[in-house]
Amino acid sequence: MLVNPMGFIQEARQRGVAIASFNVHNLETIQAVAEGAAAEHSPVIIQTTPGTLKHAGARYVAAIVREAAEEYGVPMALHLDHCPDYDTILRCMAAGYTSVMIDTAHLPYEENVEMVRRVVAEAHSRGVAVEGELGRIGGVEDDLVGEAAFTVPEEAQDFAQQTGIDMLAIAIGTAHGEYKGEPNLDFERLSAIRAVVDLPLILHGASGVPDWQIRESVKRGICKINIATELKIPMAQAIRDTFAANPGENDPRRYMGNAKKAVTEVVRQKIRLCGASGMTDEGGNVQ
Ligand SMILES: [Zn+2]
(Lines give C-alpha, C1' and ligand atoms only; values in the text may rest on other atoms or scores of the structure.)
Protein backbone atom coordinates (compact mmCIF):
# COMPACT_ATOMS: atom_id res chain seq x y z
CA MET A 1 0.00 0.00 0.00
CA LEU A 2 1.04 3.57 -0.62
CA VAL A 3 1.60 5.31 2.70
CA ASN A 4 2.60 8.67 4.09
CA PRO A 5 6.38 8.21 4.48
CA MET A 6 6.75 9.88 7.89
CA GLY A 7 6.12 6.64 9.80
CA PHE A 8 9.02 4.79 8.26
CA ILE A 9 11.22 7.90 8.03
CA GLN A 10 10.85 8.45 11.80
CA GLU A 11 11.59 4.78 12.32
CA ALA A 12 14.71 5.11 10.16
CA ARG A 13 15.78 8.16 12.15
CA GLN A 14 15.50 6.27 15.42
CA ARG A 15 17.62 3.46 14.01
CA GLY A 16 20.22 5.83 12.60
CA VAL A 17 19.60 4.75 8.99
CA ALA A 18 18.14 6.49 5.94
CA ILE A 19 15.37 5.76 3.45
CA ALA A 20 16.41 5.78 -0.20
CA SER A 21 14.22 7.89 -2.46
CA PHE A 22 14.49 7.24 -6.18
CA ASN A 23 13.48 9.42 -9.12
CA VAL A 24 11.63 7.32 -11.69
CA HIS A 25 10.57 8.02 -15.26
CA ASN A 26 8.59 5.08 -16.57
CA LEU A 27 7.09 1.65 -15.90
CA GLU A 28 10.41 -0.19 -15.81
CA THR A 29 12.12 2.17 -13.36
CA ILE A 30 9.12 1.94 -11.01
CA GLN A 31 9.23 -1.86 -11.20
CA ALA A 32 12.98 -1.84 -10.62
CA VAL A 33 12.67 0.29 -7.46
CA ALA A 34 9.85 -1.87 -6.09
CA GLU A 35 11.69 -5.08 -6.89
CA GLY A 36 14.95 -3.81 -5.36
CA ALA A 37 13.20 -2.62 -2.19
CA ALA A 38 11.34 -5.93 -1.82
CA ALA A 39 14.58 -7.88 -2.25
CA GLU A 40 16.23 -5.74 0.44
CA HIS A 41 13.17 -5.82 2.75
CA SER A 42 13.20 -2.05 2.99
CA PRO A 43 10.60 0.71 2.83
CA VAL A 44 11.19 2.94 -0.17
CA ILE A 45 10.15 6.26 -1.69
CA ILE A 46 9.43 6.72 -5.36
CA GLN A 47 9.54 10.29 -6.57
CA THR A 48 8.92 12.27 -9.73
CA THR A 49 9.82 15.83 -10.66
CA PRO A 50 7.24 18.09 -12.35
CA GLY A 51 9.18 17.49 -15.59
CA THR A 52 8.55 13.76 -15.31
CA LEU A 53 4.86 14.46 -14.79
CA LYS A 54 4.84 16.25 -18.13
CA HIS A 55 6.39 13.14 -19.66
CA ALA A 56 4.38 10.43 -17.88
CA GLY A 57 1.35 12.07 -16.19
CA ALA A 58 0.62 12.10 -12.44
CA ARG A 59 -2.31 9.71 -12.64
CA TYR A 60 -0.45 7.18 -14.78
CA VAL A 61 2.50 7.28 -12.38
CA ALA A 62 0.27 6.97 -9.31
CA ALA A 63 -1.64 4.03 -10.80
CA ILE A 64 1.57 2.12 -11.60
CA VAL A 65 3.15 2.88 -8.22
CA ARG A 66 -0.02 1.82 -6.36
CA GLU A 67 0.06 -1.46 -8.25
CA ALA A 68 3.78 -1.97 -7.56
CA ALA A 69 3.27 -1.34 -3.84
CA GLU A 70 0.52 -3.99 -3.78
CA GLU A 71 2.43 -6.48 -5.85
CA TYR A 72 5.73 -6.27 -3.98
CA GLY A 73 4.24 -5.73 -0.52
CA VAL A 74 6.75 -3.11 0.65
CA PRO A 75 5.84 0.09 2.48
CA MET A 76 6.11 2.66 -0.26
CA ALA A 77 5.50 6.38 -0.55
CA LEU A 78 4.96 8.41 -3.71
CA HIS A 79 6.60 11.80 -3.51
CA LEU A 80 6.55 14.91 -5.71
CA ASP A 81 10.10 16.25 -5.96
CA HIS A 82 10.99 19.98 -6.28
CA CYS A 83 7.61 21.44 -7.13
CA PRO A 84 7.42 25.24 -7.41
CA ASP A 85 3.67 25.54 -8.00
CA TYR A 86 0.62 24.99 -5.88
CA ASP A 87 -1.67 23.65 -8.63
CA THR A 88 0.67 20.79 -9.53
CA ILE A 89 0.82 19.88 -5.84
CA LEU A 90 -2.99 19.78 -5.67
CA ARG A 91 -3.14 17.67 -8.82
CA CYS A 92 -0.63 15.16 -7.44
CA MET A 93 -2.39 14.87 -4.09
CA ALA A 94 -5.66 14.23 -5.95
CA ALA A 95 -3.89 11.51 -7.96
CA GLY A 96 -2.74 9.76 -4.78
CA TYR A 97 0.71 11.16 -3.96
CA THR A 98 1.43 10.70 -0.26
CA SER A 99 4.22 13.26 0.04
CA VAL A 100 5.15 16.52 -1.71
CA MET A 101 8.09 18.88 -1.82
CA ILE A 102 7.28 22.55 -2.17
CA ASP A 103 10.28 24.41 -3.56
CA THR A 104 9.74 28.15 -3.67
CA ALA A 105 13.23 29.02 -2.50
CA HIS A 106 13.46 31.57 -5.34
CA LEU A 107 10.91 33.77 -3.54
CA PRO A 108 11.84 36.34 -0.88
CA TYR A 109 12.01 34.59 2.50
CA GLU A 110 8.66 35.78 3.91
CA GLU A 111 6.77 34.88 0.72
CA ASN A 112 8.51 31.51 0.64
CA VAL A 113 7.41 30.83 4.23
CA GLU A 114 3.85 31.91 3.38
CA MET A 115 3.66 29.56 0.39
CA VAL A 116 5.10 26.60 2.29
CA ARG A 117 2.60 27.15 5.14
CA ARG A 118 -0.25 27.12 2.65
CA VAL A 119 0.95 23.81 1.19
CA VAL A 120 1.44 22.31 4.67
CA ALA A 121 -2.14 23.22 5.70
CA GLU A 122 -3.63 21.66 2.56
CA ALA A 123 -1.39 18.58 2.58
CA HIS A 124 -1.88 17.81 6.27
CA SER A 125 -5.66 18.03 5.87
CA ARG A 126 -5.27 15.15 3.39
CA GLY A 127 -2.74 13.13 5.38
CA VAL A 128 0.08 14.01 2.97
CA ALA A 129 3.64 14.76 4.15
CA VAL A 130 5.55 17.92 3.16
CA GLU A 131 9.24 18.36 2.45
CA GLY A 132 10.68 21.86 2.44
CA GLU A 133 14.12 23.08 1.47
CA LEU A 134 16.26 25.83 2.82
CA GLY A 135 19.48 26.85 1.18
CA ARG A 136 19.98 26.02 -2.46
CA ILE A 137 21.27 22.74 -3.88
CA GLY A 138 23.31 23.53 -6.99
CA GLY A 139 23.37 21.84 -10.38
CA VAL A 140 20.66 20.93 -12.87
CA GLU A 141 17.20 19.81 -11.71
CA ASP A 142 14.69 19.34 -14.51
CA ASP A 143 15.32 22.42 -16.65
CA LEU A 144 16.48 24.58 -13.77
CA VAL A 145 20.14 25.39 -13.27
CA GLY A 146 20.89 26.63 -9.79
CA GLU A 147 23.74 28.23 -7.90
CA ALA A 148 24.41 26.51 -4.61
CA ALA A 149 23.87 28.36 -1.32
CA PHE A 150 24.57 26.43 1.87
CA THR A 151 21.87 26.11 4.53
CA VAL A 152 22.34 28.40 7.54
CA PRO A 153 21.40 26.51 10.75
CA GLU A 154 19.57 29.41 12.45
CA GLU A 155 17.55 30.12 9.31
CA ALA A 156 16.67 26.44 9.00
CA GLN A 157 15.44 26.44 12.59
CA ASP A 158 13.24 29.48 11.96
CA PHE A 159 11.96 28.05 8.66
CA ALA A 160 11.03 24.71 10.24
CA GLN A 161 9.20 26.40 13.11
CA GLN A 162 7.33 28.91 10.98
CA THR A 163 6.21 26.52 8.23
CA GLY A 164 5.29 23.30 10.06
CA ILE A 165 6.96 21.10 7.42
CA ASP A 166 7.55 17.42 8.18
CA MET A 167 11.09 17.13 6.79
CA LEU A 168 13.78 19.48 5.58
CA ALA A 169 16.15 19.25 2.62
CA ILE A 170 19.45 20.96 3.32
CA ALA A 171 22.31 22.19 1.17
CA ILE A 172 25.67 21.07 2.55
CA GLY A 173 27.71 20.76 -0.63
CA THR A 174 25.83 18.31 -2.85
CA ALA A 175 24.65 19.18 -6.37
CA HIS A 176 22.05 17.79 -8.76
CA GLY A 177 23.30 15.94 -11.82
CA GLU A 178 26.89 14.78 -12.37
CA TYR A 179 29.83 16.10 -10.33
CA LYS A 180 32.93 17.51 -12.02
CA GLY A 181 35.28 16.93 -9.08
CA GLU A 182 34.74 14.98 -5.87
CA PRO A 183 32.13 16.62 -3.63
CA ASN A 184 33.14 17.52 -0.09
CA LEU A 185 30.15 17.63 2.20
CA ASP A 186 30.16 20.11 5.06
CA PHE A 187 29.59 17.72 7.98
CA GLU A 188 30.08 20.41 10.63
CA ARG A 189 27.22 22.33 9.08
CA LEU A 190 25.05 19.20 9.01
CA SER A 191 25.66 18.61 12.73
CA ALA A 192 24.96 22.27 13.50
CA ILE A 193 21.62 22.04 11.65
CA ARG A 194 20.81 18.74 13.37
CA ALA A 195 21.39 20.41 16.76
CA VAL A 196 18.71 23.08 16.18
CA VAL A 197 16.20 21.45 13.77
CA ASP A 198 14.23 18.54 15.20
CA LEU A 199 13.03 17.19 11.83
CA PRO A 200 14.19 14.40 9.53
CA LEU A 201 16.86 15.94 7.27
CA ILE A 202 17.21 15.15 3.59
CA LEU A 203 20.16 14.96 1.26
CA HIS A 204 19.57 15.81 -2.40
CA GLY A 205 22.08 15.31 -5.19
CA ALA A 206 23.52 12.16 -3.59
CA SER A 207 24.47 10.56 -6.91
CA GLY A 208 28.26 10.53 -7.22
CA VAL A 209 28.91 11.31 -3.54
CA PRO A 210 31.49 8.81 -2.21
CA ASP A 211 29.97 6.06 -0.05
CA TRP A 212 31.86 7.10 3.09
CA GLN A 213 30.37 10.60 2.86
CA ILE A 214 26.87 9.14 2.53
CA ARG A 215 27.46 6.95 5.60
CA GLU A 216 28.81 9.90 7.57
CA SER A 217 25.77 12.01 6.57
CA VAL A 218 23.41 9.29 7.77
CA LYS A 219 25.35 8.99 11.01
CA ARG A 220 24.92 12.73 11.54
CA GLY A 221 21.17 12.76 10.97
CA ILE A 222 20.24 12.48 7.28
CA CYS A 223 17.16 10.19 7.08
CA LYS A 224 16.18 10.43 3.39
CA ILE A 225 18.59 10.28 0.49
CA ASN A 226 17.52 11.28 -3.01
CA ILE A 227 18.97 9.34 -5.93
CA ALA A 228 18.28 10.28 -9.54
CA THR A 229 21.35 10.43 -11.77
CA GLU A 230 22.76 7.15 -10.45
CA LEU A 231 19.73 5.33 -11.86
CA LYS A 232 19.79 7.15 -15.19
CA ILE A 233 23.40 6.22 -15.97
CA PRO A 234 23.13 2.39 -15.64
CA MET A 235 19.79 2.46 -17.43
CA ALA A 236 21.21 4.28 -20.44
CA GLN A 237 24.34 2.11 -20.36
CA ALA A 238 22.33 -1.13 -20.35
CA ILE A 239 20.35 0.07 -23.36
CA ARG A 240 23.52 1.15 -25.20
CA ASP A 241 25.16 -2.21 -24.41
CA THR A 242 22.14 -4.09 -25.72
CA PHE A 243 22.27 -2.27 -29.05
CA ALA A 244 26.06 -2.52 -29.26
CA ALA A 245 25.82 -6.30 -28.89
CA ASN A 246 22.91 -6.53 -31.30
CA PRO A 247 22.38 -3.45 -33.51
CA GLY A 248 19.24 -5.02 -34.97
CA GLU A 249 17.51 -5.45 -31.61
CA ASN A 250 13.99 -4.05 -31.70
CA ASP A 251 12.20 -5.76 -28.85
CA PRO A 252 11.52 -3.27 -26.01
CA ARG A 253 11.07 -6.20 -23.63
CA ARG A 254 14.71 -7.03 -24.24
CA TYR A 255 16.41 -3.61 -24.13
CA MET A 256 14.11 -2.25 -21.44
CA GLY A 257 14.32 -5.59 -19.61
CA ASN A 258 18.11 -5.25 -19.48
CA ALA A 259 17.71 -1.65 -18.30
CA LYS A 260 15.38 -2.80 -15.54
CA LYS A 261 17.86 -5.39 -14.30
CA ALA A 262 20.67 -2.83 -14.18
CA VAL A 263 18.52 -0.31 -12.29
CA THR A 264 17.33 -2.94 -9.79
CA GLU A 265 20.95 -3.73 -8.90
CA VAL A 266 21.76 -0.07 -8.17
CA VAL A 267 18.56 0.30 -6.13
CA ARG A 268 19.67 -2.60 -3.95
CA GLN A 269 23.19 -1.17 -3.49
CA LYS A 270 21.83 2.22 -2.47
CA ILE A 271 19.35 0.78 0.05
CA ARG A 272 22.23 -1.20 1.60
CA LEU A 273 24.38 1.93 1.68
CA CYS A 274 21.57 3.78 3.51
CA GLY A 275 21.48 0.96 6.09
CA ALA A 276 17.76 0.29 5.53
CA SER A 277 18.01 -3.37 4.42
CA GLY A 278 15.98 -5.67 6.63
CA MET A 279 13.72 -2.95 8.07
CA THR A 280 10.58 -4.84 6.99
CA ASP A 281 9.46 -8.42 7.62
CA GLU A 282 8.06 -10.87 5.06
CA GLY A 283 4.60 -9.31 5.44
CA GLY A 284 5.94 -5.88 4.52
CA ASN A 285 5.63 -4.48 8.05
CA VAL A 286 8.40 -2.40 9.60
CA GLN A 287 9.93 -4.67 12.24
ZN1 LIG B 1 16.74 17.76 -5.35
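Residues numbered from 1 in each chain as written. Predicted model: local features only at pLDDT ≥ 70, side-chain atom pairs only at ≥ 80, totals over all residues.

### Points about the overall build of the protein chain
Part 1 of the argument: Broken down by element type, the protein chain carries 11 helices and 11 strands.
Part 2 of the argument: Against the compact-globule benchmark of 19 Å for 287 residues, the protein chain has a radius of gyration of 18 Å, which places it among compact chains.
Part 3 of the argument: Over its C-alpha atoms, taken along the principal directions, the protein chain stretches across nearly 55 × 40 × 40 Å.
Part 4 of the argument: Counting across all 287 residues of the protein chain, residues that qualify as buried make up 48%. (Helix = DSSP H or I, 4+ residues; strand = E, 2+ residues; numbered from the N terminus. Rg over C-alpha atoms; globule rule 2.2 N^0.38 Å. Buried ≥ 20, exposed ≤ 12 C-beta atoms within 10 Å, placed from the backbone.)

### A look at helix H9 (residues 211-219)
Part 1 of the argument: By the burial criterion, the buried members of H9 are Ile214, Ser217 and Val218. Across the axial projection of H9, the buried residues extend over an arc of 100°, all falling on one side. (Arc of directions from axis to C-beta.)

### Details of the nonpolar core
Part 1 of the argument: Among the nonpolar cores identified, the biggest contains 85 residues, and Ile19, Val100 and Leu168 are the most heavily contacted of them.
Part 2 of the argument: Excluding anything up to four places from it in sequence, leucine 168 contacts Gly132, Leu134, Ala156, Ala160, Val197, Leu199, Leu201 and Ile202. (Core = buried A, V, L, I, M, F, W, Y, C linked by C-beta atoms within 7 Å. Contact = placed C-beta atoms within 7 Å.)

### Let's talk about the pairing of strand S3 (residues 76-83)
Part 1 of the argument: Most of S3 is tucked away: 8 of the 8 residues are buried.
Part 2 of the argument: In this structure, strand S2 (residues 44-48) lies alongside S3, joined through 5 bridges in parallel fashion. Residue pairing for S3: isoleucine 46 is matched across the bridge by leucine 78.
Part 3 of the argument: As paired strands, S3 and strand S4 (residues 99-102) are joined by 3 bridges and run parallel to one another. Its bridge partner being in S4, histidine 79 is matched across the sheet by serine 99.
Part 4 of the argument: Between the parallel elements S3 and S4, the chain passes through helix H5 (residues 86-95) in a crossover that is right-handed. (Pairing = 2+ DSSP bridges. Right-handed = clockwise from strand over helix to strand, strands pointing away.)

### Brief notes about the packing of helix H2 (residues 27-40) against helix H11 (residues 252-274)
Part 1 of the argument: Packing of H2 against H11 brings their axes to within 8 Å, and their N-to-C directions diverge by 40°. Comparing the axis directions of H2 and H11 gives the class oblique. For the pair H2 and H11, the crossing hand works out as right-handed. For the pair H2 and H11, the contacting residues are Glu28, Thr29, Gln31, Ala32, Val33, Glu35, Gly36, Ala37, Ala39 and Glu40 in the first and Met256, Ala259, Lys260, Val263, Thr264, Val267, Arg268, Ile271 and Arg272 in the second.
Part 2 of the argument: Classifying every residue of the contact of H2 with H11 by side-chain character gives 9 nonpolar, 4 polar and 6 charged. (Axes fitted to C-alpha atoms, helices over the stretch in contact; angles between N-to-C directions. Parallel < 35°, antiparallel > 145°, perpendicular 65-115°, else oblique. Left-handed = near helix turned anticlockwise from the far one by under 90°. Nonpolar A, V, L, I, M, F, W, Y, C, P; charged D, E, K, R; others polar.)

### Focus on the pairing of strand S8 (residues 167-170)
Part 1 of the argument: Residues Met167 and Ala169 of S8 are buried on one face, and the alternating residues Leu168 and Ile170, pointing to the opposite face, are buried as well.
Part 2 of the argument: Relative to S8, strand S5 (residues 129-134) runs parallel, the two sharing 4 bridges. For leucine 134, the partnering residue across the bridge sits in S8 and is isoleucine 170.
Part 3 of the argument: Here S8 runs beside strand S10 (residues 201-203); their pairing, made up of 3 bridges, is parallel. Each residue of the ladder has a partner; that of leucine 168, found in S10, is leucine 201.

### Thoughts on the packing of helix H7 (residues 153-163) against helix H8 (residues 187-196)
Part 1 of the argument: Packing of H7 against H8 brings their axes to within 9 Å, and their N-to-C directions diverge by 35°. Judged by the twist between their axes, the crossing of H7 over H8 is right-handed. Along the contact surface, H7 presents Pro153, Glu154, Ala156 and Gln157, while H8 presents Ala192, Ile193 and Val196.

### Concerning the environment of glutamate 40
Part 1 of the argument: You can see glutamate 40 is positioned in helix H2.
Part 2 of the argument: Those residues within four positions of glutamate 40 in sequence are excluded, and the remaining contacts are Arg268, Ile271, Arg272 and Ser277.

### Examining the sheet that holds S4
Part 1 of the argument: What the 8 strands build is a closed barrel, ordered S1-S2-S3-S4-S5-S8-S10-S11; its pairing is parallel. Looking at each pair of strands side by side, their axes are set apart by 25° on average, direction ignored.
Part 2 of the argument: Pairing analysis gives 4 bridges linking strand S1 (residues 19-23) to strand S11 (residues 222-227), with the strands arranged parallel. Residue pairing across strands places phenylalanine 22 opposite isoleucine 227, the latter belonging to S11.
Part 3 of the argument: Along the sheet, H7 makes contact with S5 and S8, crossing S5 at roughly 150°.

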